[in-house]
Structure formats: structure tokens, C-alpha cells
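# Observations on the model geometry
In case you want the letters, here they are:
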Protein chains: 4
Amino acid sequence: MYTLKEVAQHNSRQSCWVIINSQVYDVTSFIDEHPGGPAAILQYAGKNATAVFNATHPEGTLEELPKKSNLGPVKFVPGDRQPNAKTTPSTSAKEPNATPHLHTIQNLTDFEAVAKDTLAPNAWAYYSSAADSLHSLHRNLADWSKLTLRPRVLRNVSRVSLRRNIMGHASSIPVFIAPTARAKLGHRDGELCLARAAARHNIVYAASSYSSISHAAIAEEIRRERVVNPGARVGQGALAFQLYLPHDKEAGRGVIGTARSLGYAALVVTVDTPVLGKREADERFKAELEVEIYGGQLEGEGEGGVRRLAEPGGDEPVLRGYHSSALEWDDIPWIREAWGPGPLIMKGIQTAEDALRAADAGVDAIYLSNHGGRQLDYAPSSISTLLEINIFCPEVLGKVEVYLDGGVRRGTDVIKALCLGATGVGLGRPFLYALSGYGTEGVDKALQILSDEIETSMRLMGVVDLSELDNSFVNTAELERDLVSARSLQASLRTHHKL
Amino acid sequence: MYTLKEVAQHNSRQSCWVIINSQVYDVTSFIDEHPGGPAAILQYAGKNATAVFNATHPEGTLEELPKKSNLGPVKFVPGDRQPNAKTTPSTSAKEPNATPHLHTIQNLTDFEAVAKDTLAPNAWAYYSSAADSLHSLHRNLADWSKLTLRPRVLRNVSRVSLRRNIMGHASSIPVFIAPTARAKLGHRDGELCLARAAARHNIVYAASSYSSISHAAIAEEIRRERVVNPGARVGQGALAFQLYLPHDKEAGRGVIGTARSLGYAALVVTVDTPVLGKREADERFKAELEVEIYGGQLEGEGEGGVRRLAEPGGDEPVLRGYHSSALEWDDIPWIREAWGPGPLIMKGIQTAEDALRAADAGVDAIYLSNHGGRQLDYAPSSISTLLEINIFCPEVLGKVEVYLDGGVRRGTDVIKALCLGATGVGLGRPFLYALSGYGTEGVDKALQILSDEIETSMRLMGVVDLSELDNSFVNTAELERDLVSARSLQASLRTHHKL
Amino acid sequence: MYTLKEVAQHNSRQSCWVIINSQVYDVTSFIDEHPGGPAAILQYAGKNATAVFNATHPEGTLEELPKKSNLGPVKFVPGDRQPNAKTTPSTSAKEPNATPHLHTIQNLTDFEAVAKDTLAPNAWAYYSSAADSLHSLHRNLADWSKLTLRPRVLRNVSRVSLRRNIMGHASSIPVFIAPTARAKLGHRDGELCLARAAARHNIVYAASSYSSISHAAIAEEIRRERVVNPGARVGQGALAFQLYLPHDKEAGRGVIGTARSLGYAALVVTVDTPVLGKREADERFKAELEVEIYGGQLEGEGEGGVRRLAEPGGDEPVLRGYHSSALEWDDIPWIREAWGPGPLIMKGIQTAEDALRAADAGVDAIYLSNHGGRQLDYAPSSISTLLEINIFCPEVLGKVEVYLDGGVRRGTDVIKALCLGATGVGLGRPFLYALSGYGTEGVDKALQILSDEIETSMRLMGVVDLSELDNSFVNTAELERDLVSARSLQASLRTHHKL
Amino acid sequence: MYTLKEVAQHNSRQSCWVIINSQVYDVTSFIDEHPGGPAAILQYAGKNATAVFNATHPEGTLEELPKKSNLGPVKFVPGDRQPNAKTTPSTSAKEPNATPHLHTIQNLTDFEAVAKDTLAPNAWAYYSSAADSLHSLHRNLADWSKLTLRPRVLRNVSRVSLRRNIMGHASSIPVFIAPTARAKLGHRDGELCLARAAARHNIVYAASSYSSISHAAIAEEIRRERVVNPGARVGQGALAFQLYLPHDKEAGRGVIGTARSLGYAALVVTVDTPVLGKREADERFKAELEVEIYGGQLEGEGEGGVRRLAEPGGDEPVLRGYHSSALEWDDIPWIREAWGPGPLIMKGIQTAEDALRAADAGVDAIYLSNHGGRQLDYAPSSISTLLEINIFCPEVLGKVEVYLDGGVRRGTDVIKALCLGATGVGLGRPFLYALSGYGTEGVDKALQILSDEIETSMRLMGVVDLSELDNSFVNTAELERDLVSARSLQASLRTHHKL
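If you're wondering where the values come from, they're calculated on a predicted model, not measured in any experiment. (Residues numbered from 1 in each chain as written. Chains lettered and ligands numbered in written order. Predicted model: local features only at pLDDT ≥ 70, side-chain atom pairs only at ≥ 80, totals over all residues.)

Moving on: the relation of the copies chain C and chain B. Mapping chain C onto chain B leaves a residual RMSD of 0.2 Å; the transformation is a rotation of 90° accompanied by 0.1 Å of translation along its axis. The operation mapping one copy onto its partner corresponds to a four-fold rotation axis. For chain C, the smallest separation between a C-alpha atom and the rotation axis is recorded for R481 of chain C, amounting to 6.4 Å. (Least-squares fit on C-alpha atoms with pLDDT ≥ 70 in both.)

What follows is about the interface of chain C and chain B. If you look at the interface, chain C gives 51 residues, while chain B gives 36 residues. Examining the composition of the side of chain C that touches chain B, we find that seven residues originate from one element, helix 11 (residues 280–294) of chain C, more than from any other. For the side of chain C that touches chain B, the per-class residue count stands at 22 nonpolar, 13 polar and 16 charged. (Contact = placed C-beta atoms within 7 Å. Helix = DSSP H or I, 4+ residues; strand = E, 2+ residues; numbered from the N terminus. Nonpolar A, V, L, I, M, F, W, Y, C, P; charged D, E, K, R; others polar.)

Let's shift gears to the environment of D354 of chain C. Within the secondary structure layout, D354 of chain C lies in helix 13 (residues 352–359). Setting aside residues up to four positions removed in sequence, D354 of chain C forms contacts with R152 and V153 of chain B together with I349 of chain C.

Our next topic: the sheet that holds strand 1 (residues 2–3) of chain C. Residue and element names in this part refer to chain C. The strand order across the open sheet formed by four strands is 1-4-3-2, and the pairing between neighbours is mixed. The sheet is open, and its two edges are formed by strand 1 and strand 2 (17–20), each paired on a single side. In this structure, strand 2 lies alongside strand 3 (residues 23–26), joined through four bridges in antiparallel fashion. Bridged to W17 within strand 3 is D26. (Pairing = 2+ DSSP bridges.)

Let's shift gears to the sheet that holds strand 4 (residues 70–75) of chain A. Residues and elements named next belong to chain A. An order of 1-4-3-2 is seen for the four strands of this open sheet, with the pairing classed as mixed. The sheet is open, and its two borders are formed by strand 1 (2–3) and strand 2 (17–20), each paired with just one other strand. As paired elements, strand 3 (residues 23–26) and strand 4 share three bridges and run antiparallel to each other. Its bridge partner being in strand 4, Q23 is matched across the sheet by P73.

The next subject is the pairing of strand 10 (residues 238–243) of chain A. All names here are of chain A. Buried residues dominate strand 10, accounting for six of its six residues. Taking every second residue as pointing to the same face, both faces of strand 10 are buried, with A238, A240 and Q242 on one and L239, F241 and L243 on the other. Two strands pair when backbone bridges link them, and strand 9 (residues 204–207) and strand 10 are joined in this way by four bridges, in the parallel orientation. By the bridge assignment for strand 10, Y205 is matched with L239. Sheet topology note: the strand 10/strand 11 (residues 266–270) ladder contains four bridges and is parallel. (Buried ≥ 20, exposed ≤ 12 C-beta atoms within 10 Å, placed from the backbone.)

This is the structure:
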């Protein structure tokens, strides 16, 4: 058994020990293999990393380390004070009184304000960051505001229905939880909160490939929730599986098979991430941490885990992130086959050209998204892509279902999307923020707010069923001005699609 | 007789006493029947509620309580200090010197600034709040600014006339007081201030269904003012009655009949409020108060008067507000019949489609409004609806009179509306703000300012009579860009109106 | 002789004494006749009014008072301290070091910043104020920014000429000093500064009807300057006379005749001021002063010199300001006749319709202006009116010369106007601000800056003579979007001009 | 040898000594010949000017002074403290800890923030200043944001190529270092930093005529860097020579010949600078310095080195700057001849009209630029000029190569330009700012960032080679709205180009 003092001496690349759950680990040989990069480990060298470790890793991760790295329990000596870890995760950082009472939360933006105030800096950086100059991030929000509504009066709206079929599931509202990674950064229960709330509200939750809770545990939780939740029925809530294709095709088949066998009812294949976008707030946070830890060693290059991203002339391309950058249209058939029957959704379509092509590619639905503005900056907002399709190739809307996400904050946003032909609307960050502040209750409240806003807005629009919504209920003049011109789009279709 | 100390012990849902006008009341059994919700009572449990009660209830309300609830006068013991009520209403909160001298008020926006500074928080929240993200609220103001004027020079404008027939009344200016609820929140004389000022300036005042002074007292006051006001003539000022249809048709007939018999000269039927909009500033104020009062009891749901707004799957729909959500076009004939001859105005039209339909529905006038941005957010401003009608279906302007309100702050706004075909223009909040700061004198001054602005602007436009105003005096280019496209509107008319 | 103490006792409406230039005056009987209103006098009752009096009145004003009102010189007693006048004019208020050195002034906006910092509040309010919500004021500036330039390269620009014929005068630059009132508020030499600078730069100065220096003295000064200014030539500088027509036609003929006989070379008839606009900053300043002086007396109406602007139903219309509000197109012939040969310019044209009419009305030039945004708010900027003419009725540019003012701050602004067909461009406030901070030297520097900017910009545009400038050098796309639509303008011309 | 005390007495125009590199110089007779103006010297009269001198002059400048002006070394007396020079240049002013670690720099804008914080005021004023009201400066940045991207998904992008032929050089990225003057203001190594980084990244560096390092030394450095830089190959990096034509044609031929003989591979002739623009921040800095130095002497004109820019009526035109203002289209042939074979690029084209003319003028490429907004304010951004050409005269893109600079800050900006037909994109200020904070390493990092952004964006766009980029990948709707109208441009071409 080692004392804190002894552990503290192993605080370098040459000998790196950390304390997790009162056990001492020697992770020296593991530093360079850490998927999250060496810096994430080295900042805790010689220190207690329990809090941040548990907050960012799925259960069972510790068990994957080689047995011999566990040096046994730490020996606390009277008077010892644990050396503080630099980045304390949000769950412990929150002062009990700092978070406003959930009852006072009025809308989804309130959750964001709470999260900004109470999340740990690294969690806020990861959740809120977006590509480059944040143009797409801001446009995602702004473009919804450019659409206005055209309500009708004097219709009997005493009873309204918000039901809609989403990814094969009879959802209670035209909304689903969009895939987002690493929910444990926000709350210790992580993705479980999302699963529980989806079950309670009988909606679809599309779990990310990068969940911080295992996909099996998520699937288990949604089933459990159906039982414990008073008034639950069979069929309440459903799961979709968001897939990043790995480099290896067989590995891909394996993941798809696992998702199917765990009971995920729909497959959402992300096609906009051959590399990761440049999310500067996140990268800045890491760089500043590295400077603090490595100090002068960074003067040269390549030292201390700091790599140049693009080595000119190297043989192997250096990519941002770890996904396949070789995924192409020809891969869709084998993915379709591997998944078998059931909803297959292509996520990340951003132009009318690709929507046209996708509509003939054998998928059940396309999912318009610019990845929350985290991939290509200056990519169009999903609502503007929907309008592009609505105007230039409305036939797509008859061939495949259309989903979208990005910047949705209000029930009126959902209604606008449905007016233009969307089947359902996803939200990502708002649920993460709700979960960060309030766990499952937060997500539950967020869905309750959205549901109330949609219902109230339907009545004020003079419609009692979502199927009544069409182009005539929305004024698109302002957003339409910024669409690609018909002249330009037709030239593109002639050139690239041989139309 | 009870001492303050004894009263203070009855401060719960189980036993709730309050002091009003030095009398003790046991209101325990009334808590759940309170139209304003239980919280509004419970916050004063065991306390002196005199100030806030008198400020928010019409005279005679206290008399409607069961006799036995009055436990007799409070017994003041020497040294007693009244427990302070939390929300002190504006009338007592105003420091004598805090309000700028009325003489320095230059325009209607000045009144708003004064009200913001001096009103009690609950009153400001109620008056100023609007739906959701306040888009329509802000658009209401911004859209007027998008219209510019095209004045003509070298016309003899030494004498001008501002007279116009408004809702059947020979009004001295093309302006009326739009319906707004709960004027007592702003001033102890409440709606009486509005009635007096309407009489002095010989204009129409459309009293709200939700007036905090009885409709009979309002009608009485406008008649009295005609007598005491030096230089008054018969016919000076007129009343219209704004109607929210109750659920029960017979109750509706009753209200209409009462309005008629009290001498209200026009009936304004509101058609944009099947449910109340989500006015967050107002709801936030209430929620924060509830948290302060109920504390930990709010953790679960349904406790302490806090209800979920939409109970999914319940048998009875839970609606925002208490109006009929079943009102439809087929109801217009019986309303017409119940009202009999005299101006019948349909308030809340927001699209060309509905304007076309309303023009054939047997009403005398349509009243374009988005309810001050308090109902559906992203609804069009009334001036943009007017422009939509002016361009796409100008025949409506020949069939019915057109009124509008929303965001009007200047004489030039009034002139712009008249250029595009409006008969008259209503203002709501500006008069409430004027009344909050200065009572009747404030409303009087507000009308005087508006009148001067209209008159000065007419001279600077080169017109001597309002009938000269037409499209050629206003440049609509900027607002026109944001109108629904002709293509889209024609498709809508084909689909929904079988044109 | 009276002591300060004795004078101080005569501080009311009943007995009102003031000290001017060390003399005591009893002005009690004059209070109600004061053209500037009683308040302007009463605030100095019992006090020393020397500074403000001298700053706001032409020489010789004091001599117009009845002899007996002069009570003799004030008697200073050792230890006496003059009671401070409330509003100290800028000339004495300026701290010697507060004003930046003239050498550091880079552009016309710098002068405005200096003036804002150093002018007395009443002077700043009068100079800077504009109508209502300041929309036209701001638009005047913004609209220039909407035009961009299209420069040409590779042209020999070693020598350029900035000469242009302005109102019949061979001006050294295409710029003139626009009429502005009350220059003494800014500097004790008042309009003389403007006359001197006009002479030095050989440009036209259009003196206002409301000059605070007599028109004779202005005319005398420009002649004198020609002599004392080294290198001056005969013909250097010229005067135009800006005319507000008085109510009485004969009085009008008289003024015109006087202007002619004093040597004013052009007559600028203002046609946009049948009444004064509502300049709130100015009116607010006066109202706040009145409240401070009259206090409680203002509660009622009509007391203390505070009048309601529009008395409804009165026999005589109450107008803002003192000009004729009956001036009309039929008056132009007699004005033309009264003035005789020489440039006659109609100032205040704001639409294509009126430009077309004016082009046939017998004037030599039209002068596009919205009066610096001080008359009708939401009136178009002059540059947008010029563009309206340029596009919809370019024939006007062939019939009459076109001048304009409003928001001009840069040499590039001047060039933009000339590209669209203007003959010359006037500036008002910038010269007042230059004069306020630095007297004649300031105006001189302002003209030098403008001249340099125009010359530099011409070279960078690739032109050597102003006559080369045409539509091809300016991109009007952004401003053109906000013009009245062709459809709307043509309808207007058909209706109002029988075209 | 003189002591500091003795030197300090020679602090006037009459006798002006300065200390440079511990030597005393009598520069009295040189004051008026100083190319940077007398003020730049006089502020150091009697003082130590070492730091600012070295930072702003090329090596060897001191040697050009007459021998006799060197009065020998300064004699330091114990206890002497050097009199501080007023403007300390950035290299010495930077606190070691004030500059953020280079590793934390995420993008090119970060470099600008660092430079603003750490540069000396004169250097920041010189680098950042732009013409007049900074409209073009801001538009340069804003216009890029108006273009949005239209990415395509599902393309194999594992390998991408960023190579492009720039000014005859096989560049590793489609970017070059645009010409900027006076790099020593930012860093003591000045232009050498730019040359080194260009070599390391194998791109083109276009050295300014006004480099603060001699053109020979720059050429030498890029050759040396090829040797010392590990992995360097022959052909790595290339130089272009930016030319301001002097007044004298023979002098021009001389400069061109020298550039050729020093190994500069391309000639960039600037055609937008017949005079210098009015860069107010820079001029204001100088004026304030002059006021501080000359004080009261500035009251009159012409004293103390302060000249009026435009002397009206003088025989010789007074121009801003020292270039030829007579350069014209007819000069192109002899320049072509003097330069001989090899890329000849015409820099400063700003309209379609001039692009059309230049395409037939015998140059290899046109370079769209508004000189960083430093010449004519309200000139179009280069990206809007490129769009103008792309739409109205795309044939130009087939005849000559097109380069552009101005406001480029992101890899996505580069891609947008290439989509619209540009061959390569230049950046100026960002490299100066990188160099100011971090010398060569800063420029290196800036290029590395750009390269990474371009590569990442290409993958996210779905393209693997720059030649795939075309109009279909960019949405130009927003920028297109602000282009000159087709109607207007066609009229211009008819009038000015006889088309």
C-alpha cells in the first residue's frame, strides 16, 4: 500500500501513477495508447483522478486495464489531504444552491444558461463548442427565426393530437432525442437519463456511437423504465442506434449486428464525419491545459504528446478523429444488408443534390443535419436544406422520410419544420444541458416544455392534427432569399447529376 | 378579534387566514377556487394582503365571499408591526420623487420607461410580457420602422382635419384605446382613467372582458366625464366591448346582452385566443414566487398547486386559460344575431386567407392583431398583414373596415396604417403605461402627444384630410420583401379556399 | 445703481430683472413678448444672463428694448460673487485643455465628438436634435454607406480638377455650406466664421433666415475676407440666401428684396417647413428647464407659459413654429418675379413626383433634403431621393440642377452624389460642429479635409475631372432594394400626375 | 565622447542629436530630408533612438548617413539612466509573460489579438489602419461570411491534395504571402521571418517594394533556409517582387532588372496606388505625436513640418505618398518587356470592366485587391469583384489566372475563392501579426493552421483535389444581392468599353 506522498512522486511521463476509486494504478505504459490522448492522463499524474475518470468513462473501463497495473489500495495517513485534481467534473463542482429550482425553468434556453453556469470548463467546452468561427452554429439558431407563422382563426381546437410515426415508432410527439456523445460529462447517470425520459414520454432516443454508458446498459434501462414508470405501456419509448462507420468493414458489420441484437429499432448512419471538424473551444481548452502541464517542453515540436496535425508529405494522412474517411455511396448496399429490415436513416445530408441521390439509395429516411455546426463551418442549416428540397426537388419528400436537427429550441421550430415536410425533429444539446443541471428530471421537464409549446402553438395556428400543416402555414420569404439560386442549382444538377 | 400574531399562525393550505382592509378572513376553503390560482392567495397566508388585493380586484369582490369567512376586525396590539406582504403593488411602491414630471414626457416610449422604473414587478411582468422568445413583440415594433414616408411639398396645410369615423363613432382622431386587461395593476382608478381620457378626447375606448373595474362602472364613468369635463358635448367618447367567448353559448349571449344594455356601442369579438399564449416573464415571476413559498414541496409533481400543463393521455384536455377553444366560423351568425345592429368587429385576423373569409362572414370590420405578441410567437405583425391584404386581396378593403393594433408608438405609425387602407389604429400598452405613471392625466397626455404627432406629420406630408392618404405616400419596399411570396399565397388560396 | 443682492430679489414673473453686460434691465413687461418664449427669460430672473444672451442674440438686440427698461449699471460690492446662470453657453464652458488640438482632427466626425464634449447642453440639444425617433437622422448617415464605389485603375491622375459651378458660382470644390440657424450658440463669432471660411475656399455659403448674425454683417464679412485673406481674388466665395416665407406675402417680397440688395447671389426657398418638426431632444431640454423653474405651477394646464400644442376645436390652428403653412405651388411665380434673374433654388424636395413637378415650375435647381432629419421622421434620405430620380425620371437631371444635403461626412459621399447626377453637395451640422470647437479655423480645416478627401478619392477612382463621374462608378444595389417599387411609383404618377 | 547629459541639450530643430547603437549622431541637417518626415526624428532629439531606429530601418541605413554626422560613442557616466524614448517598439515592449504560448493559438484571428495587445502603438497603427471610415476593411471580412458552403457526403476522402501552381511555382497549398511593408515594425527579423516560413511550407512570398529588409537579403534568406531546414528540397519556396512604379520610367526599369537578377520569380505590379489612401489611425497617431512635440508652434500653418496636404492653386500637385500617379494602360507593354518572360501579375483590379481590359493587356494574371481597405474606402471586396467576374464575364477566368487577397482568415475562405475561379489566395496582415508575436515560428504556425483548415474542409466538402471545386459548392445568394445590377453593368460596358 502506498501513501499519497509516495504516489505524488510518480508524476511524470517516465513514471505515472494515478488514484482511481481509492486504488493506485501505474499507467505509465498506457499513456500513449489512451484514446483521449496522453495529456488527459498526464494532468493527473501523481494525483487522485477518481472524479474525472468516473465522469467520463463507461462502467467496466477500469477492468480493461492489465491486472498488474493495479498496485493496490491507497493508504491514507492521518492528516493527509488529497491533492486536488485540476479539472473537477461538473457533478461535484455544482454548489447545491447555485442551480435554480427546476420549477422556475421556462424554456430550453434556460437549461443552457444553467449548464453554462454550473458545468466544469471541460464539459462546457466539449458540449458547446462548434467548428471554426461558429458561423453554422449561429446560423442554425438564426435560420429558424427567419421563418414566420401564418395562423388561422376560428377553428375548433379543443382537442389536438401531437402523435407522429418516428423511425417506425408511434411517438407521442414529433420529436426525438438526437445522438450526442459523452453524457457522463454532464451527469453521473449519463445516457441513462436520456433513455428514462424517452421512455416516460414515449419517444425515440437515438443513442450515439460514443455514449459514455454502454449500449447494452442503455437498452436495459429503457426496458426497466417501462416497468417502474407508473402507467407505462409496452411500446413506450424506443431506441435508435447512431453509427460512425469504423475503418474496417467487418468491424462495422459487428457493430450493426450488436445494435440489432440489443434491441435498437432503427439505424442512423452518420455520413458527414469523414474527419472531425475543428472545434476550437474544445481544442483551446486542451492546448491551454497542455501548456500548463508541459510548460517549456512545447517549444519544439512533437514533444509531450503535441503533434502537428498535418505532416506535409508524410505517407499516411493524418486525420482529425478516428472514423472511416473512405465511406462512400457504394457502401450503402452492404450496410442495408447488414442491418436487415427496419428503419435505416442517413444522417448528414446538406444539399438538394445529395438528397436526390439518397432518395434512390435504398434508405428509408434522410436526416438533414450539419452536426450541430461542429463539422464544416459555413455548412447550411438543416432547415435551409429542407427549404431547398421543398422548393427545388419536392419529390424527395414523397420518396423518403425526412428528419432534421440543429438549433431547435421551441415548439414553433418543430411546427415550422413539419410545415415544410419534415417527419420529425431531433434535439441534442438542449437535452444534454437539461441533464447536466437536473439529471433525468431535467430531460423530462425539457420534453414536457416542448410538448406544451407544440400543443399550444397548434391551437394558436388553428390545427388539430399535425397532418394539416403545410406550406401555407409558414412564411419562408426571408430564408428563401438566402437559398442558392435556381440558376446555380440547376447548373449543378446538370453537371453533377447529369440531369 | 384576533391579533397579528394569531393570524400569522394560519399560514398554510390547511388553515389560511389573510387580512384585508383591517378585517380577518378565513379563505382556506376558497384557495382552490381562486380564479387567479392558489399561489396568489397562499403567498399572503397569515399576512396582510390589503394592498395587493385592492390593486388587482374590482370593487365588490370582497362582498362575494361567504359571510362566515369574515372573522371580524384585526386587533392591533401596541408595538405590533404588520408583517410585510411580499409583493407591494405599484401604487404604494412609487416614491413621490421617482416619477419624472409629466410635463417632461415627450412621447409614448417615455411612458414605458417610467412604468418600467416604477411598477411593481408583478405588474410590469403582466403588462410587458409576450409569448415565447418575444419575436412577434419585437417585430411589432420593428415592422413599422420598415415603412418610410413619401411627403409632398408646397401644399397649403394651414388647416387640417384629423376626424375619422371609428366603429360608428365620429372620432376626433383616427385612434382608439385597444382592449387591455387589469388596469388596476397600474393605478388604483384602473380602467376609469381610460374611460375619462377617451371622453375628453372624443375617441372610442374598447374595454376588455377582463377589466378590473366593472363594465357598468366604466360605462357610468364615461357618461359622468361628459358632464364634468368643461366644454363636453353629447356624443363625446364612446365605448366598445371586447368579448372573449366563454365555453357556454348561453353565457355568451348573456354577456353580449349585458354589454348592449350598458350602452357599449360596438362589439369586438376576439378570435385569436382559443388558449392563452406562453408569456414567460409572467409565468417565470409566478414560478419564482411559488418556489419561494413552497420550497421543497415542489420536488414531486402536482403538489402545492403546481400542475403539469399538459397531461398526456388524459381525458380532458388541459388548456392554457379559460376561454372557449371551440369557437369557429359557424358561430359568427348567432353572435351577429345576439348583438343585433351596430358595429361587430372580428379581432385577431392575421392572414389574407382569413381576411378574405371574414369579409364574407357578416361582420362590419376586421381587426388585425397578433394580440400584442402575447399569443402565437412568430405570428405576423398587424401592419404586415395589412400590407399582405393591400397587395394580394385589396378587395377586402372595400368590403369591411379594417382596424389594427400592435407596436404603434408614433403619429407616423398611424399615418402609415391609414395610407395602406386602415380605418383606425388601436394602442394598448402605451395607455397602460401612461396610466401607471400618471393616472388619467397620463392617458390624457398620451392622447395629446399622439394627436399632435399626427397633425404635425400630416402637415409635413402635405395633406389636410386623412382621406388623401393612399399607397403613394408610403414606401413599402423593405416590408414587402418579407411578405409571403405571391406563388406561395396563391397556392394556399387554391388549396384552402378553392380559388 | 443696484447691488447683486437687490437684483436677486426681482426673480419672479411679477418683477423680473436681469443683468446683461453689467447693466441691470427690468424685463417684466417683455416676458410674454419674448420670441424665444418666457421660460428662456425667467430662468435668469434676478441673475446675470450676460453669457447666454450674447451667445444667442445678434448684435443690436439689446438696443431694441425700451430705453426705460435699462435701470443702469450693476454695483459690485467687494466680496460679491455673481450668481451663476444655470445654462452657461459653450464659449465660456469650454476648459482650455478640454478641446483636442485642431491639428489632430482627422475627419468631420471628429468635430462632432469635440462639439458633443464641449458645447453647452442647450446648444448641443439644438444642433443635434432631430424629429421624433431619429429614423431619418440615422438613415441620412446609413444610406450613404449603402452605396459602394467602383474604381478604375491605370489612368494618369497626376492632375485633377475639383471645380464645379455651384448656384452660379465657380466653386473650387463641389461643396457648399448648407443653411443652419443660430451659429452663435456654438461660437461668439457665429455665422461670420462660416462666411470667412467660404471666402477662403471660394465656395458658396447659404446663410439661414435664422442667422444669429445679421444678414448685412455676413455679407460685409465675406467681402472683407476677400481683402485680408492673402492671395484672395475678386469672386472668391459667394453667398446664397435661405428663405422661410413669412405668413405675409408683402413681408416675403421685402425679405427677398433685402437679400438681393445685400449682394446675396442665389435664393434658396425652403418648402419643407410648413410647421416645425418635433425635435424631442430640444423640446425635452426646454421642458426639463421649465419644470425646474415653475415646479408645481405646471400641474394644471396653460400656466407658466406652458401651452398645449393643439387646442382641439379652437378657431385658430396652433402650429409648431412661425412660418407660413400656406405656401403652395402657385406661389412660385411671384417669388420668381420678386427675386428676378439669378439662381432660384427650391429646397426640400423628397420624391420623384415633386421633382418632376418642380422641374417645370420655373426654378433653376431643386435641392433634395429632409432638413437634416429635423422635419418629418421617416422621410427619405436625400441620396435615396436622388437615386429615385436617377432611375425613374432621369429627365429631371437634364432640366434643372440638383443639390442635396443630409448626412454627408466624407469626400466619397460627395463623389457618390455626383455619380448619380448631383451638381453639388451641402453640409450643415459638420460646419457648425467645426465652428463650435475652433471658430473660423475649424471650418477652414473641415473644408480642407473635405477637399483633400475628394481629391484623393478622385485619383483612386481613376478620374481627373468631376464630369467623368457617372452611374458606372457607383454600385447602388443595396440602396436600390429599399426604393419605392416601380409598380407603386407608376401608380402614384398615374393617380397624382395624370401620367 | 559625449555624456547623456550633453546629448540631451541638443534637442531642437536647431541642433538635433540622437543616440543609435551607443553612437552619437548629429542629424540636424538631415531632418528635412528624412523620408519618414521630420517629426519621426524630432521626437528623439537629444535621446536614445536605438530601439525604434533598428525596428524600422533595413540594415545598412545608418551607413548611408554622411560620415561626419557620427560624433563618436556615447560616454556613460556611473548613475546615468538613459532618457526613455517615447515610442518603444514592440520587440522591447513585450513582457515575456504577456504573450500567450504559441501552442494555444488556434486560428489566425488569435494572432491579431496578440499583436494588438503587444505591439507598440505606432506599429499597431501602421499595420491595422485602413482608409477613411474603414468600410472596405470591414467589408473585406464580412463579405467572406456571406458565402456559404454546400458540402457533399459519402465520397472517399482518405487522401487529398492541396497542391496548386501559384505564379509559376508548384505550391504546396493554394495560398501565398501577400506583399506588406515594414515587417521590422513587428519583429527584429522582419521580412526574413516571412521568407523562412515560405521556404518551409514551399509557397510563394511576394515581397513588398517597401520591405524593411533589403530585397537581396530576403532572396539570400530563402535560399539559406532551403539548406538548413531539414528535409528541404531544391525548389522549396519562391519569391515574387511587388512593384510600386516610381515616377521615373528608367528607375522603374532598374528596379525590375534588379528584382529579376536577385532571383525573384514573378513580378506583381500594383496599379491601385497612384496616391496613398487616407489611413486615419496612422495619421492620427502621427498628428498627436506632432502636437506633443511642437506644441503651440502648430497654431499657424506650414510650421514644424506640418504641411497642408492640398495647396489649392499651387503649380505642383501635392500627392499623398511618393509613387507615380501617372501610370496607365499604355505603360504595361514596356513593363512586360523590361520584366521579360515569367509571370507578370497586375495587382489592384476591382471591377469587371478593368478585369476585361486587363485580360487583353498582356499580363499573365490579375490580382483582385482593394489593398486591404487601405486605399479607396467603399471599394469592393476582392471576393465580390471575383463574383462579379464569375457572373458577368466568366471568359476572363479562361484567359488569365486570378489571385486575390483581403480579409482571408480561414481555410474555408480559400476554398470559397477557388470555387469561384481563383487560382490562389494571398494573406497579408495575418502573417504580420503572427510574426509580431512569435517571429518565424508564428508565421510557420499560421501556415500550418491554414493548411490544416483547408485540408479538413476539403474532406468535409467531399473533394480530394482542388480542381473539383466549382460554383456548385458555394451558395452566393447573399453576396450576389449586393453586386452591381446587370442593367447597370451592361450600360457601363456599352459606354466605357464600346461593347
